[in-house]
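Architecture and fold: a report
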Amino acid sequence: MLGAGLFPLVVAGCGTGGSEPAAITGDQELLQEHGFADADAHEIIDRLEALPVAERPQDLIASVTATSLQLQDDAERKAELPLPEDQFYLSVAPFVETTHECAFHSLTTCRGELRSRELTVSVVDSGSGEVLEEGPRTTHDNGFLGLWLPRGITAELTCTLEDYTGTASFSTQTEDDLTCLTSLQLT
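Now for a description of the structure that goes with this document. (Residues numbered from 1 in each chain as written. Predicted model: local features only at pLDDT ≥ 70, side-chain atom pairs only at ≥ 80, totals over all residues. Heavy atoms only, no water.)

By secondary structure assignment, the location of Q72 is in strand β3 (residues 68–73). What makes Q72 buried here is its relative accessible area of 9%. Among the polar contacts made by the side chain of Q72, one reaches the side chain of E76 at a distance of 2.9 Å. (Helix = DSSP H or I, 4+ residues; strand = E, 2+ residues; numbered from the N terminus. Buried < 20%, exposed > 50% of the residue type's maximum accessible area, 1.4 Å probe, protein only. Polar contact = N/O pair within 3.5 Å; in protein donor to acceptor, adjacent residues only side chain to side chain.)

Structure representation (structure tokens):
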């Protein structure tokens, strides 16, 4: 769920060592005013995703694309922080009855059905069969579960809640890959 005109890349859809982010572009004051002056994209995403919905900034839109975190406030100030080159952020809202369409996750406005619920999660690389994630995880107050995954893979995600299970395939290979998976229905 994104505001119209947020960023051209977002509107189309709802360093050293290889993992250090490149330079931030845009309004540095925007970052300072929201307490993110010394944070990278990974830290900001984790902080915003973990906040209770009632505490999320009402004057900030924070959207995650395959390559960056894009921020915009009510004053139309914008900042963009690149994601680490070797990591991809996928936010998943498993559901039983209700979902919404989305392509690029909004950390401040997207809401999922299963808020603060413990699920069993498994992520398996489709090419190698390597298990990338396995075990219990709890969705955030917004109903989403955030996963930091390697870039360049196709994988299968399985989520289980009590007697309900669902599976979805996803990719972290291109700049057009979705970062908001809202089609994983548990049946």
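Pairing in this open sheet of four strands is antiparallel, and the strands run β7-β6-β9-β10 from one edge to the other. At either margin of the open sheet sits one strand with a lone partner, and together these are β7 (131–138) and β10 (164–171). For this sheet, the mean angle separating the axes of adjacent strands, direction not counted, is 15 degrees. Bridge count for strand β6 (residues 118–125) against strand β9 (residues 154–161) is six bridges, and the pairing is antiparallel. Across the sheet, residue D125 finds its bridge partner in β9, namely A155. (Pairing = 2+ DSSP bridges. Axes fitted to C-alpha atoms, helices over the stretch in contact; angles between N-to-C directions.)

In this structure, T182 sits in the segment after β11 (180–181). You can call T182 buried: its relative accessible area is 7%. Contact partners of T182, with chain neighbours within four places excluded, come to A93, F95, T99, H100, E101, C102 and F144. (Contact = heavy atoms within 4.5 Å.)

Moving on, we come to the sheet that holds strand β1 (residues 25–26). Strand order in the open sheet formed by four strands is β1-β4-β3-β2, and the pairing between neighbours is antiparallel. If you trace the sheet from one side to the other, it starts and ends with β1 and β2 (60–64), each paired once. Note that β1 and strand β4 (residues 78–82) share two bridges and pair antiparallel. Looking at the pairing, T25 lines up with E80 of β4.

It is worth spelling out the packing of aromatic side chains at this point. Using the criterion set out here, one finds one aromatic pair in the structure. Aromatic pair Y89 and W148: ring centres 4.8 Å apart, planes at 55 degrees, arrangement tilted. Of this pair, Y89 sits in strand β5 (residues 87–92) while W148 is found in strand β8 (residues 145–150), placing the two residues 59 residues apart along the sequence. Overall, the relative accessible area of 2% leaves Y89 in the buried class. (Phe/Tyr/Trp six-rings, centres within 6.5 Å; stacked < 30°, edge-to-face > 60°.)

Let us look at helix α3 (residues 41–50). What α3 keeps buried is the set A41, I44, I45, L48 and E49. The buried residues of α3 occupy an angular sector of 120 degrees when projected down its axis, which confines them to one face. Check the buried side of α3 and you find it contacts α2 (28–33), β2, β3, β4, β5 and β8. (Arc of directions from axis to C-beta.)

All quantities given are derived from atomic positions and should not be read as evidence of function.
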